[in-house]
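# Architecture at a glance
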Amino acid sequence: MLDGRPLVDVHLHAARLPTLKPAWRQWAHDFGGTPVLERVYDAEGAVDPVRFDAYLEEERVDIALVLAEYSPKVTGIQPIEDLLPLTGHNPGRVRAIANVNPHLHYPVEEELQRQIELGAVACKIHPVHAGVAANDRSLYPAYELCQSLGIPLVVHCGTSIFPGSSNSFADPIHLDDVLRDFRRLNIALAHGGRGWWYDAAAFMALSDERVWIELSGLPPSRLREYYARHNWDRLVRRMIFGTDWPGIPGIAKNARAIAALCPDEETAALVLAGNAVRVYNLKPTW
């Protein structure tokens, strides 16, 4: 609990450093700082489960969703197997999100099913790093599996600074086909349209009850500016808290700043935990 409110962070990268490219490691140091990395990583470059859990407790995080990612061209490989020590240490607090890349995985639905059986509660696709549009038909079997199981799809929707990124694939217009073809699929727009697509992301979230703005990587002090053309009190209720850890100054600091932007206590509770619990089908103990 943070200031009497439950806190769910749906977007953390707790990857083993040897599997990642130098640009990712530089990003983590530049935006998150060396002290937090030194605190939770062991000498071999893996996140220590005990130290990570203690860090989350200090930041008052009740549930943290850690991300697998298979993007060898851009950031490297963050295999779900590397997350299992974290989810196994405290499964009530730490859960995993799967990732599939059609350039690596075939059939994609079989790989997604494998990761779900390892405990994944959602599926993320990363068009910008994988180099594939979200409406590419090679991904449709994975979407069908998500829909049939009732788990959400997380889609990177924003620019990326990493060498090799294909930022044109961040355009949320590609999801128009997906929303039409999968009528029961919840979609979280990770990074909320960062770059050139804030208005498009906001429009989609306000016009379709299955679309959510996921706040990872967005500084709270800029949110009202980013979404200035939209009704803030309506839009903020469509938001889900996430940080993009370790590329942030602090989880609790971000959460408090976002809560301060909410028009009332009910909305703050939705953004910091309630929406995530609903969309990701979490089972909190608070």
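All of these numbers come straight from a predicted model, not from anything done at the bench. (Residues numbered from 1 in each chain as written. Predicted model: local features only at pLDDT ≥ 70, side-chain atom pairs only at ≥ 80, totals over all residues. Heavy atoms only, no water.)

## What about unusual backbone geometry?
Rules: Every helix listed is a DSSP run of H or I at least four residues long, and every strand listed is a run of E at least two residues long, numbered separately from the N terminus. Categorising residues by exposure relies on relative accessible area from a 1.4 Å probe, with only protein chains included: less than 20% of the type maximum marks a residue as buried, more than 50% marks it as exposed, and the intermediate range marks it as partly exposed.
Residue proline 107 is reached from tyrosine 106 by a cis peptide bond, and omega for that bond is -5°. Note that proline 107 resides in the loop between β5 (94–99) and α5 (108–117). In this structure, proline 246 follows tryptophan 245 across a cis peptide bond, with omega equal to 15°. For proline 246, the position within the fold is in the loop between β10 (239–240) and α12 (251–261). With phi around 80°, histidine 191 is a residue other than glycine that occupies positive phi space. Take histidine 191: it is sitting in strand β8 (residues 187–194). Overall, histidine 191 belongs to the buried group, its relative accessible area being 2%. One non-glycine residue, aspartate 244, lies in positive phi territory at about 75°. Looking at the element boundaries, aspartate 244 is found in the loop between β10 and α12. Residue classification places aspartate 244 among the buried positions, given a relative accessible area of 8%.

## Comments concerning the UniProt feature "domain: Amidohydrolase-related" (unreviewed entry) in the chain
For clarity, the cut-off: UniProt positions are given in the numbering used here, feature names are shortened, and annotations may be inferred rather than shown by experiment.
Here the UniProt feature "domain: Amidohydrolase-related" (unreviewed entry) sits at residues 80–282. Between the end C-alpha atoms of residues 80–282 the distance is 19 Å, and the span holds 40% helix and 16% strand.

## What about the pattern of salt bridges?
When the charged atoms of two side chains with opposite charge come close together, those side chains can pair. We count it as follows: Salt bridge criterion: a side-chain nitrogen from Lys or Arg within 4 Å of a carboxyl oxygen from Asp or Glu.
Using the criterion set out here, one finds 16 salt bridges in the structure. We note a salt bridge from aspartate 199 to arginine 229, for which the minimum N-O separation is 2.9 Å. Residue aspartate 199 is located in helix α9 (residues 198–207), and its partner arginine 229 is located in the loop between α10 (223–226) and α11 (232–235); the two are separated by 30 residues in the primary sequence. Classification of aspartate 199 by relative accessible area gives partly exposed; the value is 26%. Note that glutamate 225 and arginine 222 form a salt bridge whose closest N and O atoms lie 2.9 Å from each other.

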